[in-house]
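# A look at the structure
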Amino acid sequence: MQKQSRYSNSQLHGLLLLMMSCYYNIVPLLGAQNASTTGLIEVDHVHVGLILDLDNILGKMSHTCISMALEDFYASNLQTCTTKIVLHTRDSKNDVVEAASVAIDLMRNVQVQAILGLQTCSQADFVIDIGNKTQVPIISSVSSPSLSPKDNPYFIRGAHNGSSQVHSLAAIVKAFNWREVVLIYENTEYGRGIGPYLADSLLGVGSQVRYRSIMSLSATDDNIQKELYKLMTMQTRVFVVHMLPSLASRFFLKAKEVGMMNKGYAWIITDGLTSRLDSVDPKIIDSMQGVIGVKPYVPNSSELQNFTERWRKRFRQENPDIDRFELNVLGLWAYDSAMMLAMAVERSGVAQSKFTKPVSTSNLVDLAAIGSSKMGPRLLQSIKNTRFQGLSGEFDLVDGQLQPLAFRIVNVIGKGEREIGFWTRESGISKELILASNRNYTTNKEDLGAIIWPGESNLVPKGWEIPTGERKLRVGVPTKSGFAEFVKVKMDSETNAVIATGFCIDVFKEVMDHSLPYAVPYEFVSFESDRSGSYDDLVHQIFLGNYDAVVGDVTILANRSRFADFTLPFTESSVAMIVRIQDDERKNAWIFMKPLKMDLWLTTGAFFIFTGFVVWVLEHRVNEEFRGPPHKQVGMILWFSFSTLVFAQKEKVISNLSRFVVIVWFFVVLVLTSSYTASLTSMLTVQKLQPSVTDIMDLKMNEEYVGYQTGSFVYGLLKRETFNPSKLRNYSTFEEYDEALSTRSVAAIIDEVPYIMLFLADPKYCTKYTMVGPIFKTVGFGFAFPKGSPLVPDVSRAILNATEGGKLTQIQHQWFGEEATCAEQDGAKVTSGSLDIESFKGLFLVAATSSSFALILFLSIFLYDNRVILASNNSSLWQKLIAMAKNFDKEKERTSDASKKTNLANEGMAVAADCPQSPTTNSSRLAEWIYIPDEGFASTETNTPIHETIEIVETSEER
């Protein structure tokens, strides 16, 4: 009975196909004949191919939708249409070769102007290449990013690009702070295309694809089960599945069977599966409970509701043997694609178009004999320019494909799906659809509705866990002979297990055992630390896969972060020096030079000379004590300035400018001498414990021996600072530190501050040694994990909680005690007591400004007084300079002296009035000031300035 029933259904299906063929071929001819007799518009026919897999439900759904689209279009445009599409349907039989064969047949024998359908990427890939050669547009809903309309001009994607959903998937991962995902996809063009785009999108939100699982379409249930068991052994518990229903159905059945649909797992499916959930068997849906999926958003409308009702009736009539079916977005895209093609054909007028080369029927697969469509380019342009409001939303082709408006986020619950939110490129995740572009982009899990996770759990999966049955977390710890307060490792004599203690170990236990919200089993594994750089080797073991973590006094360094991820530091750290304390230097014969550093000595001496020179310039013309032979004047410059140190100068200054300069300089000298006296007094009266070395550069320049801790990164640091490796010595314990420094085997030991502070906390050492620095900055100690480990952010957060809660401080006091001070070092500074130029910059700036101002003002007045010389056009520059130099060297009369000369001149004029002189005498006196052009300014009296003589003459004339 069942065989007879299936045979009858097949016959019915064939009859329906025959009726549809008659409708699209005979009815249009009758319509054309009636049009000629009734006067209606004559309709031309355009042949279009339709290639579908008619054996699966998607092919049948698309066939019904496309047929209804053409019927709806011509029914609504009956009076205006001049062309009509004649649809030629072919069954690809889910075979690539068959799809290519029927496509060639349609182009060669039917000369179709476009081809619709092609549901799989493999089928579309070959047919698109043919369409590019024959200029026949290929309209398909395949979504694989590997097929791009940009690379194939005659390919029109009547759907979204599959890569457009990766940002919504990444937003979900970001919302729940999952650091890693496993991508599971089928080994087809459809499955492989999304991988690179998803990986890049996840990196943008701080996550990554930890592993890629590839499933073959031909995989057996045993193969699937084997792969699932492999996935169970991994830590990651977030899986993104990119499969079509045929393979996904078997996959999720097996996932539930092996226990991977239980609490703690998170599953995300892509739109290719989510959009088809309505047609998936209820048994499969039951195995997918708790899965999250994304699918394109389709706006609701009355037209959509009306069409859905009509489609259900039509589909049930055409496919009575299919019990479970529902219209999805793929069917709507097929409807809109057919509607778009009908519009484009009507506008472009491609009716009765032929191929450029005649087609021979002798060779069905001869591609060269197909030729190319004459109207293909015009039809292609018309298709790209077509824009309308379709059932799936706005149908607008951008770069040859549809652009997504938004994605719905759904949760598989019960017998189907439940909407929990939306995602848009502008707004991110939201409970309600928000299309406004002015809203900030957010990815908060609170913006999603309630989610039921696998295992009917309401708790968000943390995204990873230690797999059941796997070995414990292997934690590497360094083994060394000293510094047991930080890390100490010993072996249990009975169980041979590693027992680790110390400050770093207790911090790790506090974080892992009490601060993490979940349990992580672990075991310690010892690592011998017996050579320089071995801590780098220890961290490298994580990269090699020998350890799952490294715990200890491991400093976070840039070169180590290339091989492992570090948590936030749980200690502050830097690099400093341990040096010997030397007794005071009161017996030093040159101690009087110590109060000032060399730069301050030199600067002070330079200002003494400069100030003396300025005062000499200002006083030379008016003060007899600043005149005389050159050697006397040089001595005066030095004597006057340096005598101000003890305020012993006896020379009087006459010029007001000089007095201004000297007053300011007295203030500078007062401050300098007071500071010098205070510093020297302190050095001579107070015992100061000075470090033997204050600068690491002194160690390098003097080629001193330098010590460091065995296994520390400091060895590499010193080598980068160009220290001679032969001058570097390693030590492992505090006792060795003491012996090396006390015997002067090394000038200093360079180590990290936590070790130095512990060393100096011992009363035996704090009286002999001190710390200088820090000289280099480091991040501190941290725990190391494999690259991308999901433990890193959780452990870092736990470290912060333990720090803020005071737990780390308690552990620190437990191992190191309260911070102690060394009585012998109280009040002593580990710095040099010498004063430097930095402390007196402002003081010297004031002195330099005042002296320079006085000097510039004097020169301005002097040049103004000698403007006649400067304005002379009959003298060379050299002659002018000589004349001005002579004027500068001549003594300038002071006001009192000029008054005396004036009185004498008046008396002489009175005598002259009583005893008149001869004209010859007057003429000879005037001749004394005749200007000689060839020799510049000349005078018969060599020691009398020109302007002073003129003054006397003028006075005589006035008298």
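Keep in mind the model is a prediction, meaning the values are calculated, not measured.

### Description of the overall build of the chain
- Broken down by element type, the chain carries 32 helices and 29 strands.
- For the chain, the proportion of its 959 residues judged to be buried stands at 48%.
- Counting only contacts in the chain whose residues sit at least 6 apart along the sequence, the fraction spanning at least 24 positions is 72%.
- For the chain, the exposed area adds up to about 47100 Å²; of that, 54% sits on carbon and sulfur atoms.

### Things to note about the packing of helix α3 (residues 96–110) against helix α4 (residues 121–134)
- Two numbers describe how α3 lies on α4: the axes approach to 8 Å, and their chain directions differ by 25 degrees. Classified by the interaxial angle, the pair formed by α3 and α4 is roughly parallel. Seen along the crossing, α3 lies across α4 with a hand that is right-handed. Contact residues: α3 offers V96, A99, A100, A103, I104 and M107, while α4 offers S122, Q123, F126, V127, I130, G131 and T134.
- Its residues assigned to classes, the contact of α3 with α4 comprises 9 nonpolar, 4 polar and no charged.

### Description of a nonpolar patch on the surface
- On the surface, I609, V634, L638 and F642 cluster together to form a nonpolar patch covering roughly 340 Å² of accessible area.
- Inspection of the secondary structure assignment puts F642 in helix α18 (residues 630–643).

### Some thoughts on the UniProt feature "transmembrane region" (unreviewed entry) in the chain
- Mapped onto this structure's residue numbering, the UniProt feature "transmembrane region" (unreviewed entry) falls at residues 12–31, 600–618, 660–678 and 842–864.
- In the segment residues 600–618, helix accounts for 100% and strand for 0%; the C-alpha atoms at its two ends are 27 Å apart.
- Within residues 842–864, the helical portion is 100% and the strand portion 0%, while the C-alpha atoms at the span's ends are 33 Å from each other.

### Here we look at the sheet that holds strand β14 (residues 407–413)
- Reading across the sheet, the 8 strands line up as β7-β6-β8-β9-β10-β14-β15-β16 and stay open at both edges, with mixed pairing between neighbours. Edge positions in the sheet fall to β7 (208–215) and β16 (428–430), since each of these pairs with one other strand and no more. The mean angle between the axes of side-by-side strands here comes to 30 degrees, regardless of whether they run parallel or antiparallel.
- Packed onto the sheet, helix α7 (residues 195–204) meets β6 (180–186), β7 and β8 (238–242) and runs at close to 160 degrees relative to β7.

### Points about the pairing of strand β12 (residues 393–398)
- Pairing of strand β11 (residues 387–390) with β12 involves 4 bridges; the strand directions are antiparallel. Residue pairing in the sheet places Q389 in a bridge with E394 of β12.
- Between β11 and β12, which pair antiparallel in sequence order, lie 2 residues.
- Pairing analysis gives 2 bridges linking β12 to strand β13 (residues 401–402), with the strands arranged antiparallel. The residue of β13 that forms the bridge with L397 is L402.
- The loop that links β12 with its antiparallel partner β13 comprises 2 residues; one of these, D399, has a positive phi angle of about 55 degrees.

Conventions used here
Residues numbered from 1 in each chain as written. Predicted model: local features only at pLDDT ≥ 70, side-chain atom pairs only at ≥ 80, totals over all residues. Heavy atoms only, no water. Helix = DSSP H or I, 4+ residues; strand = E, 2+ residues; numbered from the N terminus. Buried < 20%, exposed > 50% of the residue type's maximum accessible area, 1.4 Å probe, protein only. Contact = heavy atoms within 4.5 Å. Areas by Shrake-Rupley, 256 points an atom, 1.4 Å probe, with all protein chains shown as cover. Axes fitted to C-alpha atoms, helices over the stretch in contact; angles between N-to-C directions. Parallel < 35°, antiparallel > 145°, perpendicular 65-115°, else oblique. Left-handed = near helix turned anticlockwise from the far one by under 90°. Nonpolar A, V, L, I, M, F, W, Y, C, P; charged D, E, K, R; others polar. Patch = residues over 30% accessible without salt bridge, like charges linked within 9 Å, V, L, I, M, F, W, Y side chains within 5 Å. Salt bridge = Lys/Arg side-chain N within 4 Å of Asp/Glu carboxyl O. UniProt positions renumbered as here; feature names shortened; annotations may be inferred. Pairing = 2+ DSSP bridges.

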